[in-house]
2 protein chains.
Amino acid sequence: MTKKPIQITEVCLRDGSHTVAHQFTVEQVRNVTRALDDAGMHYIEVSHGDGLGGSTVQYGKSLVNEMELIEAAVDECTNSKVAVLLIPGIGTMSELKQAHKLGAKLVRVATHSTEADVSAQHISQARELGMEALGFLMMAHSVPVDKLVEQAKLMESYGAQAVYVTDSAGALLPHQVSERIKALRGSLDIEVGFHAHNNLSLAVANTLAAIEEGATRIDGAVRCLGAGAGNTQTEVLLAVMDRMGMDVGIDLYKMMDLAEDIVGPLIPGTQEIKKGSLALGYAGVYSSFLLHSERAAARFGLDPRDILMELGKMKVVGGQEDMILDVAAELAKKEKVRV
Amino acid sequence: MTKKPIQITEVCLRDGSHTVAHQFTVEQVRNVTRALDDAGMHYIEVSHGDGLGGSTVQYGKSLVNEMELIEAAVDECTNSKVAVLLIPGIGTMSELKQAHKLGAKLVRVATHSTEADVSAQHISQARELGMEALGFLMMAHSVPVDKLVEQAKLMESYGAQAVYVTDSAGALLPHQVSERIKALRGSLDIEVGFHAHNNLSLAVANTLAAIEEGATRIDGAVRCLGAGAGNTQTEVLLAVMDRMGMDVGIDLYKMMDLAEDIVGPLIPGTQEIKKGSLALGYAGVYSSFLLHSERAAARFGLDPRDILMELGKMKVVGGQEDMILDVAAELAKKEKVRV
């Protein structure tokens, strides 16, 4: 159980790729990276929203090849390190090698919280390349704590240098974050990380709970620029940490300035918590389920939230979108009273 | 130490009055109130942002006389009760009587956290009128816990049926909320309430901390429609409480719908946490200081945040805006290195 200094990873150029429909330009990536580097950010993640290789018809085509964006970000960094995300099944070994060659220093290998075994090859390959290799257990709210520990230990056994509790749906409550981080800290010899979404307006509080239990790898997104309601708002988290006497060596005023002047203008809509993002956090399901559920609800005369809640209870995972119609049909039979 | 069921007060038609520059129309108030009443909201606060009588050149003129708005809200309520806010020195006894006559059932009498003594007459008058009378201790982060307890006990002695810890600047951290609510619960025989602002993205978490320590009067604003970064987002809080098994008898889906369809469209900008609101929460000062500090900063070549931080340390209160230039001049002397 190692206790190291807290390291922040800024994810607006990766998780925020969803928010801008993967339309980041080289100039935008350069401007954001330069400002983050100047403020002293530790890691800056740059990839398609769904990780390396995510630019497809299924996940959304990127305007600019992510390798160009990674190269631009590396070029702007004087001290910050560029990180990439890789979801096995979407990203490949060859893309990881290419990102490494361009100067990416760290990879987070992300799997569903029950499927850590698919991360083995990518983690060990990253270590062989000399990259930092971290595990990223997504939808961590949907599995029991002991299962999460088991999966994290698998990632550790593959060579991961940290494992993240990843609250993909923004569904965890603070005490649930605490118990997960505590369990991992008690069972692993490597660092533990936390990645939040703000769908229930708890991202900053959940991150504080994680830090209190010893998480040292922390994700944030400036101005909440990430999927759904966005992530832990980096500059707000840093202000709160400063108020609590925690110094991570990042310039707060510079972060506030770049949030206002450089990142803010990139946000196409707003990162407020609206009906859709709240429903996702409340139900604890993938954001891709929202549109499908709305369609199914219209067809069967249901409230889409009832479908989302049922999917959440059934712990349906990404890729099982075809089950949504079945669930809706079943609900419609049961709930003839609701229109 | 009474423990009663949790009662929610929706403040978007009062705290949100600041956000819309006091331009609420009768129709807007009717629409919002009707939807809130239908969802089962307990109390709906309707007043100028600075409370009864706030419509002045100094605090901002209302488009519609608040008495008309109160009357309209009362007319729409079948079960919800209409509440008003009164800050002694701004609102008067005569305005309180008028609001009562129009059907307002509850008044929150608000003072700075060191000035509870000015609430005596208004609290006792409200009780005589047969209204519920609650105390509202503003800027509760800026005084030591024992001082807050002393002031709350004063309000209790005047006849207040509950006292609120009011985090006007959105500056409290969860553990600071816990200690304040706990201290008040331990010292008062009446209910304790909590009113948050979201400047540090902690409004929902702080509210949960307050509830955990026994606060039973809870404020929220749909879609964060309140001053600064807004208040605890009511529909999000209700979703989280539902997830925690707390039922307050308010229909969550209806709240989500009215947030999206009725309140959302009233918001002129966005309620995201931006540079200004974050600076206020970080420094712990009144929102009215922001513009003054920016002006003073420009004049003395300072960063406005340094002025705000200094004002926060000095615990300057509303009405002392004239001190801002002095503070800036003093800072400029000391900090000649910063430009």
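Residues numbered from 1 in each chain as written. Chains lettered and ligands numbered in written order. Predicted model: local features only at pLDDT ≥ 70, side-chain atom pairs only at ≥ 80, totals over all residues. Heavy atoms only, no water.

1. A short note on the overall build of chain A
- Summing up its helical and strand segments, chain A has 14 helices and eight strands in all.
- The C-alpha atoms of chain A give a radius of gyration of 19 Å, which matches the 20 Å a tight globule of 339 residues would have.
- With respect to the three principal axes, the spread of C-alpha positions in chain A is 60 × 45 × 45 Å.
- Looking at chain A residue by residue over its 339 residues, the buried ones come to 62%.
- Summarising the internal contacts of chain A: among those between residues at least 6 apart in sequence, 78% fall at separations of at least 24. (Helix = DSSP H or I, 4+ residues; strand = E, 2+ residues; numbered from the N terminus. Rg over C-alpha atoms; globule rule 2.2 N^0.38 Å. Buried < 20%, exposed > 50% of the residue type's maximum accessible area, 1.4 Å probe, protein only. Contact = heavy atoms within 4.5 Å.)

2. Some details on the domain arrangement of chain A
- Examined at the domain level, chain A breaks down into domain 1 (7–266) and domain 2 (288–334).
- Between the C-alpha centres of domain 1 of chain A and domain 2 of chain A the distance comes to 29 Å. (Domains from an automatic or database assignment.)

3. Some remarks on the environment of Lys313 of chain B
Residues and elements named next belong to chain B.
- Mapped onto the fold, Lys313 is located in helix H13 (residues 304–314).
- You can call Lys313 exposed: its relative accessible area is 61%.
- For the pair formed by Lys313 and Ser142, sequence separation is 171 residues and the distance between their alpha carbons is 8.9 Å.

4. Topic: the UniProt feature "binding site: Mn(2+)" (unreviewed entry) in chain A
All names here are of chain A.
- Summarizing the sequence annotation, UniProt attributes the feature "binding site: Mn(2+)" (unreviewed entry) to Asp15, His195 and His197 in the numbering used throughout. Across 183 residues, the annotated set stays spatially compact, with a maximum C-alpha separation of 10.7 Å.
- Its location among the elements puts Asp15 in helix H1 (residues 15–19).
- Here Asp15 falls in the buried class, since its relative accessible area comes to 3%.
- In contact with Asp15, other than residues within four places in its own chain, are His195, His197, Leu225, Gly226, Ala227 and Asn231.
- The buried category is assigned to His195, whose relative accessible area is 2%.
- If sequence neighbours within four positions are ignored, His195 has contacts with Val11, Arg14, Asp15, Arg108, Phe136, Tyr164, Val165, Thr166, Asp167, Asp219 and Asn231.
- A distance of 3.1 Å separates the side chain of His195 from the side chain of Asp15, its partner in a polar contact. (UniProt positions renumbered as here; feature names shortened; annotations may be inferred. Polar contact = N/O pair within 3.5 Å; in protein donor to acceptor, adjacent residues only side chain to side chain.)

5. So, the relation of the copies chain B and chain A
- It takes a turn of 180° to lay chain B on chain A, together with a shift of 0.0 Å along the axis; the resulting RMSD is 0.0 Å. Expressed as an axis order, the relation between the two copies is that of a two-fold axis.
- An overlap of 100% is found between the interface residues of chain B and their copies at the interface of chain A, pointing to a shared contact surface. (Least-squares fit on C-alpha atoms with pLDDT ≥ 70 in both.)

6. Considerations on the nonpolar core
- Ile307 of chain A together with Ile307 of chain B are the most contacted members of the largest nonpolar core, which totals 230 residues.
- Discounting chain neighbours no more than four positions away, the residues touching Ile307 of chain B are Ser293, Ala296, Ala297, Leu302, Ile324, Val327, Ala328 and Leu331 of chain B. (Core = buried A, V, L, I, M, F, W, Y, C linked by side-chain atoms within 4.5 Å.)

7. Quick look at the interface of chain B and chain A
- At the interface, 39 residues of chain B touch 39 residues of chain A.
- Taking both sides of the interface into account, the surface hidden between chain B and chain A amounts to around 3700 Å²; carbon and sulfur atoms contribute 60%.
- Broken down residue by residue, the surface that chain B buries against chain A is led by Arg243, Tyr253 and Tyr282 of chain B, which jointly contribute 21%.
- At the junction of chain B with chain A, the criterion picks out six salt bridges.
- In this structure, Arg223 of chain A and Glu272 of chain B form a salt bridge, with 3.5 Å as the shortest nitrogen-oxygen distance.
- Here chain B is connected to chain A by 20 residue pairs in polar contact (both at pLDDT 80 or more).
- Mapped by element, the contributors of at least two residues to the side of chain B that touches chain A are helix H8 (203–212), helix H9 (234–243), helix H10 (252–263), helix H11 (275–283) and H13 of chain B.
- Take the side of chain B that touches chain A: its biggest share by element is six residues, from H9 of chain B.
- Per-class residue counts for the side of chain B that touches chain A are 19 nonpolar, seven polar and 13 charged. (Buried area = accessible area lost by both parts, 1.4 Å probe. Salt bridge = Lys/Arg side-chain N within 4 Å of Asp/Glu carboxyl O. Nonpolar A, V, L, I, M, F, W, Y, C, P; charged D, E, K, R; others polar.)

8. Notes on H10 of chain B
- Along H10 of chain B, the residues classified as buried are Leu252, Tyr253, Met255, Met256, Leu258, Ala259 and Val263 of chain B.
- Structurally, H10 of chain B contributes buried residues whose contacts are with helix H11 (275–283) and helix H13 (304–314) of chain A together with helix H2 (26–39) and H9 of chain B.
- The N-terminus of H10 of chain B is capped by Asp251 of chain B, whose side-chain oxygen sits 3.0 Å from the backbone nitrogen of Tyr253 of chain B.

9. Thoughts on the pairing of strand S1 (residues 7–10) of chain B
Residue and element names in this part refer to chain B.
- Note: S1 against strand S8 (residues 217–220), four bridges, orientation parallel. Residue pairing in the sheet places Gln7 in a bridge with Arg217 of S8.
- When S1 meets strand S2 (residues 43–45), the two strands line up parallel, connected through two bridges. Bridging from a neighbouring strand, Thr9 pairs with Tyr43 of S2. (Pairing = 2+ DSSP bridges.)

10. What to know about the environment of Ala259 of chain A
All names here are of chain A.
- Relative to the helices and strands, Ala259 resides in helix H10 (residues 252–263).
- Between the C-alpha atom of Ala259 and that of Val26, which follows or precedes it by 233 residues, the distance is 18 Å.
- Among residues more than four places away in sequence, those in contact with Ala259 are Val222, Arg223, Glu235 and Gly264.

11. Brief notes about the pairing of strand S8 (residues 217–220) of chain A
All names here are of chain A.
- Covered by surrounding structure in S8 are Arg217 and Asp219 together with Ile218 and Gly220, the residues of both alternating faces.
- Inspection of the sheet shows strand S7 (residues 191–195) paired to S8 by two bridges, in the parallel sense. Directly across from Gly193, in S8, lies its bridge partner Arg217.
- For the segment spanning S7, helix H8 (residues 203–212) and S8, crossover handedness is right-handed. (Right-handed = clockwise from strand over helix to strand, strands pointing away.)

12. Concerning the sheet that holds strand S1 (residues 7–10) of chain A
Residues and elements named next belong to chain A.
- Around the barrel, which closes on itself, the eight strands sit in the order S1-S2-S3-S4-S5-S6-S7-S8 with parallel pairing between neighbours. Each strand axis lies, on average, 25° off the axis of its neighbour in the sheet, ignoring direction.
- As judged from the seven bridges shared by strand S4 (residues 106–112) and strand S5 (residues 132–138), these two strands associate in the parallel manner. By the bridge assignment, Thr111 is partnered in S5 with Leu137. (Axes fitted to C-alpha atoms, helices over the stretch in contact; angles between N-to-C directions.)

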